[in-house]
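A structural walkthrough
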Amino acid sequence: MEWLSQLGRSGLRFFERLGRGNLFLFYVLLGSFSLLGRGRLLLQQMYSVGVLSMLIITVAGLFVGMVLGLQGYNTLVDFGSEESLGVMVALSLVQELGPVMTAVLFAARAGTSLTAEIGLMKTTEQLSGMEMMAVDPLRRVIAPRFWAGFISLPLLAGIFSAVGVFGGYFVGVGLLGVDDGAFWSQIQNRVDFYDDVLNGIIKSIVFGFVAAWIALFEGYDTVPTSEGVSRATTRTVVHTSLAVLGLDFVLTALMFD
Amino acid sequence: MNTDNHNMDDVLVHVRGLSFQRGERMIFDDIDLDIMRGKVTVIMGPSGTGKTTLLKLIGGQLRPNQGTVEVDNINVHRLSRSDLFELRKRMGMLFQTGALLTDINVFDNVAFPIREHTQLPEALVRDLVLMKLEAVGLRGARELMPSELSGGMARRVALARAIALDPMMIMYDEPFTGQDPISMGVLVQLIDKLNDALGLTSVIVSHDVVEASAIADFIYVISNGKVVGKGTPEELQASDSAWVQQFINAQPDGPVPFHYPATDYLEDLLAGVNE
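This one's a predicted model, so the numbers in the text were calculated from it and none came from an experiment.

1. Quick word on the overall build of chain B
- Counting secondary structure elements, chain B contains ten helices and ten strands.
- If you line up chain B on its principal axes, its C-alpha atoms span 80 × 45 × 35 Å.
- Residue burial in chain B is summarised as follows: out of 275 residues, 49% are buried.
- Of all intrachain contacts in chain B linking residues separated by at least 6 positions in sequence, the fraction that spans at least 24 positions is 61%.
- About 13,400 Å² of surface is accessible on chain B, with carbon and sulfur atoms providing 52% of the total.
- Across chain B, 24 positive and 37 negative side-chain charges occur, with their mean positions spaced 8 Å apart.

See the structure below:
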């Protein structure tokens, strides 16, 4: 019987947390209207969340594209269709790897820093202090960070994919001798904006929403101790990665329907 | 019902029948308090008696299980969120750590509530901030970041921030804890002077008996969720309550025992031998 009540307890805890997470999201979205007149707050956060993540996204995109170029070439050359390398690289990046890899890297680079920042603000009573100054931290601190993450992630995914295609081009055309014109013209012919690119954009918008929500909620809901903050930071990466991969499957299934 | 026969207009914070429970633990059990306008009221008690919790109850950050808290004749826990925020603009609170925003400098920290709540032109904000900083003696430190401040300076900046919107009252959470004698003296003097100069009402939560008594107009002593003593510093000194005497005179043993409850000492020692 002990295990049954244990199961019940953890079940209850899970749903309680889920409820808190949803309420949190509701109030953040509600508080977002106050951002309209205060674009500066949003810009500041887009800088620290988005611009500062660009280096890791660019470098990762380049390498992923280069690996795709190398692997793709080795497979395609057996069938004599190495001219399709560009399409293969571009489609893999735009539909799958761009949004997913960017979201996972985003969780590791920006998500953790958001969680730790908010968690430490809670631990050091900065959030309480704001509340006592009649400033709502959900509006002043959380909402700008949420929208910054939401807007930045799709843009970063775009950069990831674009840089990745150049990585594939560098390996395929530059090193392995695929025809330059064929590489680009095949991409131009076979990558469709609505079917391929738009689907990737939709994915990265969903991921941006989820990644920003999880990172900020974990920070806001953290147990205000150093151990609590460290656990929350870990949870951000684990939960975001799992949520992104799971949602990726669901979205892909829906899009190929 | 007014048990203390104060004139109601003189009472700024009116606490009646307040009970607060955290989990199974009773933090406050039906306590009554009156904080008088314009006075310095000190709430004393040993660590862990929920003194900070009391401030959070007054500020509306926590809800009591029972009882009422009225600030300026407004029931704090009946207010909507926006009305509560309106009331808080008139209440300052100084947290134990200062709770300064760590990513902006001293000047911007003090300017923060002014910029958030008013549309004043930046030149006026600057003057206001410099006046508040001058009052706490840190006008020269305006460019420093919070990480560059000592504990006492951080509290003074937080104090400047707390008075930025000219509140009617300030709540101090353990303002003297962990201060060296000089910054302790500075803080004691500042709290006292600001209270008189700005016509504030001050509520200080503290266990530093000497410093707090020096500026207190009235003291409440809280233990185990009850008010165990109250009065002016002189009245408390003369109190015949053994508990109050132990606390005020810092005696290690008394009604609050030195030993955590345990079995008989000799039996306990011999238990290892007999096994």
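Moving on from the coordinates now.
2. Considering the interface of chain A and chain B
- With 15 residues of chain A at the interface, the matching set in chain B holds 22 residues.
- When the two sides are added together, the surface that chain A and chain B hide from each other amounts to roughly 1,700 Å², 56% of it contributed by carbon and sulfur.
- Three residues stand out in chain A for area buried against chain B, namely Glu125, Met132 and Met133 of chain A, and they jointly supply 40% of the buried area on that side.
- Scanning the region where chain A abuts chain B turns up three salt bridges.
- Here Asp136 of chain A and Arg81 of chain B are joined by a salt bridge, their closest N and O atoms 3.2 Å apart.
- Where chain A touches chain B, the interface holds nine residue pairs in polar contact (both at pLDDT 80 or more).
- Of all the elements, helix α5 (residues 126-132) of chain A adds the most residues to the side of chain A that touches chain B, at six residues.

3. Digging into the pairing of strand β4 (residues 66-71) of chain B
Residues and elements named next belong to chain B.
- Looking at chain direction, strand β1 (residues 11-22) and β4 are connected through five bridges and run antiparallel. From the neighbouring strand, Arg16 faces β4, where its bridge partner is Thr68.
- As paired strands, β4 and strand β5 (residues 74-75) are joined by two bridges and run antiparallel to one another. Looking at β5, one finds that Glu70 is bridged to Asn75.
- Between β4 and β5, which pair antiparallel one after the other, the connecting turn spans two residues, and Asp72 there sits at a positive phi close to 55 degrees.

4. A look at the pattern of salt bridges
- Applying the stated criterion across every chain, the model contains 23 salt bridges over all chains.
- Note that Glu16 of chain A is salt-bridged to Arg20 of chain A, the shortest N-O span being 3.2 Å. Linking Glu16 of chain A with Arg20 of chain A, this pair stays in helix α1 (residues 2-31), spanning four residues, or about one helical turn.
- Classification of Glu16 of chain A as partly exposed rests on a relative accessible area of 49%.
- We note a salt bridge from Lys51 of chain B to Glu174 of chain B, for which the minimum N-O separation is 3.5 Å. Here Lys51 of chain B, found in helix α1 (residues 51-58), pairs with Glu174 of chain B, found in the loop between β7 (169-173) and α6 (181-197); they are 123 residues apart in sequence, far enough to count as distant.
- One salt-bridge network, held together by shared partners, links Glu16, Arg17, Arg20, Glu218, Asp221 and Arg235 of chain A.

5. Digging into the packing of helix α8 (residues 193-220) of chain A against helix α9 (residues 226-255) of chain A
Residues and elements named next belong to chain A.
- Here α8 crosses α9 at 155 degrees, and the two axes come no closer than 9 Å. Classified by the angle their axes make, α8 and α9 are roughly antiparallel. In this structure, the crossing between α8 and α9 has a hand that is right-handed. Contacts from Asn199, Ile202, Lys203, Val206, Phe207, Val210, Ala211, Ile214, Ala215 and Glu218 of α8 reach α9 at Ala232, Arg235, Thr236, His239, Thr240, Ala243, Val244, Leu247, Asp248, Leu251, Thr252 and Met255.
- The residue inventory of the contact of α8 with α9, partitioned by class, reads 13 nonpolar, five polar and four charged.

6. Topic: helix α3 (residues 54-76) of chain A
Residue and element names in this part refer to chain A.
- The first and last C-alpha atoms of α3 sit 32 Å apart over 23 residues, in line with the 33 Å expected at 1.5 Å per residue.
- Among the residues making up α3, those that are buried are Ile57, Ala60, Gly61, Val64, Gly65, Leu68, Gly69, Gly72, Tyr73 and Leu76.
- Where α3 is buried, its residues contact α4 (85-123) and α6 (137-175).

7. Concerning the pairing of strand β8 (residues 201-206) of chain B
Residues and elements named next belong to chain B.
- Across the six residues that make up β8, a large majority, six, are buried.
- Judged by which residues are buried, β8 turns out to be covered on both faces: Thr201, Val203 and Val205 on one side and Ser202, Ile204 and Ser206 on the other are all buried.
- Where strand β3 (residues 40-44) and β8 come together, five bridges link them in parallel fashion. Bridged to Thr41 within β8 is Val203.
- Following the backbone out of β7, through α6 and into the adjacent parallel β8, one traces a crossover that is right-handed.

8. What to know about the sheet that holds β4 of chain B
All names here are of chain B.
- One open sheet accounts for four strands, arranged β2-β1-β4-β5; its pairing is antiparallel. Each having just a single partner strand, β2 (25-36) and β5 make up the two edges of the open sheet.
- Sheet analysis places β1 next to β2, joined by eight bridges and oriented antiparallel. In the sheet register, Val13 faces β2, and the bridge partner there is Ile35.
- Where α1 meets the sheet, it contacts β1, β2 and β4, and its direction lies at approximately 120 degrees from that of β1.

About the criteria used
- Residues numbered from 1 in each chain as written.
- Chains lettered and ligands numbered in written order.
- Predicted model: local features only at pLDDT ≥ 70, side-chain atom pairs only at ≥ 80, totals over all residues.
- Heavy atoms only, no water.
- Helix = DSSP H or I, 4+ residues; strand = E, 2+ residues; numbered from the N terminus.
- Buried < 20%, exposed > 50% of the residue type's maximum accessible area, 1.4 Å probe, protein only.
- Contact = heavy atoms within 4.5 Å.
- Areas by Shrake-Rupley, 256 points an atom, 1.4 Å probe, with all protein chains shown as cover.
- Lys, Arg positive; Asp, Glu negative; His and termini not counted.
- Charge placed at Lys NZ, Arg CZ, Asp CG, Glu CD.
- Buried area = accessible area lost by both parts, 1.4 Å probe.
- Salt bridge = Lys/Arg side-chain N within 4 Å of Asp/Glu carboxyl O.
- Polar contact = N/O pair within 3.5 Å; in protein donor to acceptor, adjacent residues only side chain to side chain.
- Pairing = 2+ DSSP bridges.
- Axes fitted to C-alpha atoms, helices over the stretch in contact; angles between N-to-C directions.
- Parallel < 35°, antiparallel > 145°, perpendicular 65-115°, else oblique.
- Left-handed = near helix turned anticlockwise from the far one by under 90°.
- Nonpolar A, V, L, I, M, F, W, Y, C, P; charged D, E, K, R; others polar.
- Expected span 1.5 Å × (residues − 1).
- Right-handed = clockwise from strand over helix to strand, strands pointing away.

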